[in-house]
Amino acid sequence: MLGRSRTLLLTELETPASTTELAHRTGLSPAGVSQNLTALRDAGLVSAHRAGRSVLYARTSIADSLLAE
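This text gives an overview of the structure that appears in the document. (Residues numbered from 1 in each chain as written. Predicted model: local features only at pLDDT ≥ 70, side-chain atom pairs only at ≥ 80, totals over all residues. Heavy atoms only, no water.)

1. Brief notes about the packing of helix 1 (residues 4-12) against helix 3 (residues 30-42)
Next, step 1: Two elements in contact, helix 1 and helix 3, have axes separated by 10 Å at closest approach and are oriented at 80°. For the element pair helix 1 / helix 3, the angle class is roughly perpendicular. Packed against helix 1, whose contacting residues are Ser 5, Arg 6, Leu 9 and Leu 10, the element helix 3 presents Val 33, Asn 36, Ala 39 and Leu 40 at the interface.
Next, step 2: The residue makeup of the contact of helix 1 with helix 3, split by class, is five nonpolar, two polar and one charged. (Axes fitted to C-alpha atoms, helices over the stretch in contact; angles between N-to-C directions. Helix = DSSP H or I, 4+ residues; strand = E, 2+ residues; numbered from the N terminus. Parallel < 35°, antiparallel > 145°, perpendicular 65-115°, else oblique. Contact = heavy atoms within 4.5 Å. Nonpolar A, V, L, I, M, F, W, Y, C, P; charged D, E, K, R; others polar.)

2. Focus: the pairing of strand 1 (residues 46-51)
Next, step 1: Note: strand 1 against strand 2 (residues 54-59), six bridges, orientation antiparallel. Directly across from Arg 50, in strand 2, lies its bridge partner Val 55. (Pairing = 2+ DSSP bridges.)

3. Side note on the nonpolar core
Next, step 1: Of all hydrophobic cores here, the largest spans 13 residues; its most connected members are Leu 10, Leu 13, Leu 22, Val 33, Leu 37, Leu 40 and Val 46.
Next, step 2: If you list the elements that add at least two residues to this core, you get helix 1, helix 2 (19-26) and helix 3.
Next, step 3: If one sorts the elements of this core by residue count, helix 3 sits on top with three residues.
Next, step 4: If near-sequence neighbours (up to four positions away) are discounted, Val 33 is found in contact with Leu 9, Thr 19, Leu 22, Ala 23, Thr 26 and Leu 28. (Core = buried A, V, L, I, M, F, W, Y, C linked by side-chain atoms within 4.5 Å. Buried < 20%, exposed > 50% of the residue type's maximum accessible area, 1.4 Å probe, protein only.)

4. Description of the environment of Thr 38
Next, step 1: Residue placement: Thr 38 occurs in helix 3.
Next, step 2: Separated by eleven residues in the primary sequence, Thr 38 and His 49 place their C-alpha atoms 13 Å from one another.

5. Re the packing of helix 2 against helix 3
Next, step 1: Between helix 2 and helix 3, whose axes approach to 9 Å, the crossing angle comes to 115°. Considering the angle they form, helix 2 stands roughly perpendicular to helix 3. Here helix 2 runs over helix 3; the crossing is right-handed. From helix 2, Thr 19, Leu 22, Ala 23 and Thr 26 reach across to helix 3, where they touch Pro 30, Val 33, Ser 34 and Leu 37.
Next, step 2: Class assignment of the residues belonging to the contact of helix 2 with helix 3 gives a composition of five nonpolar, three polar and no charged. (Left-handed = near helix turned anticlockwise from the far one by under 90°.)

6. Some points on the side chain of Ser 18
Next, step 1: Along the chain, the position of Ser 18 falls in the loop between helix 1 and helix 2.
Next, step 2: Under the relative-accessibility criterion, Ser 18 is labelled buried at 11%.
Next, step 3: In this structure, Ser 18 is in contact with Val 55 and Leu 56, ignoring residues within four places of it in sequence.

So this is what it looks like as structure tokens:
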């Protein structure tokens, strides 16, 4: 079960984004976004990579398959 917030975050990650960007786009708190992204990363649904001073999150192919269903 993904839940509404995690599904929303996966949907918003069509292009890589930072925690701050995702918080602004979704209306969730930055702490909530961070917590959900950690759970999604632990589940293999998002990956994280550093871009300068930011960490960008992106959907994995597993998440793409899940959203396509």
